[in-house]
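Spelled out from the first residue to the last, the chains are:
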Amino acid sequence: MPLISRLNNLFDQARRALLLVWATSRGLFLGLVLATLIAGVLPALAAWLGQRIVDAVVTAMQLHAQQGDAPLWPVLRYVLLEAGVLALLSGTQRALSVQQSLLRVQLGQKVNTLILEKAQTLSLVQFENSEFYDKLVRVRREASTRPLALVMKSLGLIQNLIMLISFGVLLVHFSPWALLLLVIGALPVF
């Protein structure tokens, strides 16, 4: 199967899974997207705050060496901000997990309802066909996991892309060579 055909098939399946999840619960789907975007940006923000903490500590050490005393607040505020960002990141990951669990249950119920509606239109002869019945049982068993897994993998890819871009923006200010190493390091994974 040529690569273009496989990619088209993958995008078609992803589109249908997204539409199914969207039809199941728009609120939970939008919550997943929002939490994914936030979870993609927060690690870079935590790294930037970590740099600010180091800079504030170095400045405080220089002030202490010159004056014998240094204020604590410039360092402490960045530590508190980073603690808040890490707490928000943890909360975002928890929100993703809870929304995914709720969506899995709702999606399983919706797909089972769709299967039952379809089964009402079938004849008894089709149910006596063991191959057809096995497929129907397999679809029902995987109803809540496969479409949501595809959506979550797509959102995970978007989250990782956002993290790479945000870290890339931070690394450009540090060193363009570091950004080049990041891009080269990410290629095999992609």
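Cut-offs applied
- Residues numbered from 1 in each chain as written.
- Predicted model: local features only at pLDDT ≥ 70, side-chain atom pairs only at ≥ 80, totals over all residues.
- Heavy atoms only, no water.
- Helix = DSSP H or I, 4+ residues; strand = E, 2+ residues; numbered from the N terminus.
- Rg over C-alpha atoms; globule rule 2.2 N^0.38 Å.
- Buried < 20%, exposed > 50% of the residue type's maximum accessible area, 1.4 Å probe, protein only.
- Contact = heavy atoms within 4.5 Å.
- Areas by Shrake-Rupley, 256 points an atom, 1.4 Å probe, with all protein chains shown as cover.
- Lys, Arg positive; Asp, Glu negative; His and termini not counted.
- Charge placed at Lys NZ, Arg CZ, Asp CG, Glu CD.
- Core = buried A, V, L, I, M, F, W, Y, C linked by side-chain atoms within 4.5 Å.

Participant: Before we move on, could you go through the overall build of the protein chain and cite the residues and values that matter?
Facilitator: From N to C terminus, the protein chain includes seven helices and zero strands. Mapped in sequence order, the helices and strands of the protein chain form the string α-α-α-α-α-α-α. In terms of C-alpha radius of gyration, the protein chain reaches 25 Å, well past the compact-globule figure of 16 Å for 190 residues. Relative to its full complement of 190 residues, the protein chain shows a buried share of 26%. Counting only contacts in the protein chain whose residues sit at least 6 apart along the sequence, the fraction spanning at least 24 positions is 77%. When the accessible area of the protein chain is evaluated, it comes to approximately 13,100 Å², of which 67% is carbon and sulfur surface. Side chains of the protein chain carry 16 positive and 9 negative charges; the gap between the two charge centres is 5 Å.

Participant: For the nonpolar core, give the residues involved together with the corresponding values.
Facilitator: Ranked by internal contacts, the top residues of the largest apolar core, which has 27 residues, are Val-21, Leu-32, Leu-103, Leu-148 and Val-151. At the level of secondary structure, the elements contributing two or more residues to this core comprise helix H1 (3-24), helix H2 (26-67), helix H3 (73-120) and helix H6 (146-174). Apart from the residues lying within four places of it in its own chain, the contact partners of Val-151 are Ala-17, Leu-18, Val-21 and Phe-29.

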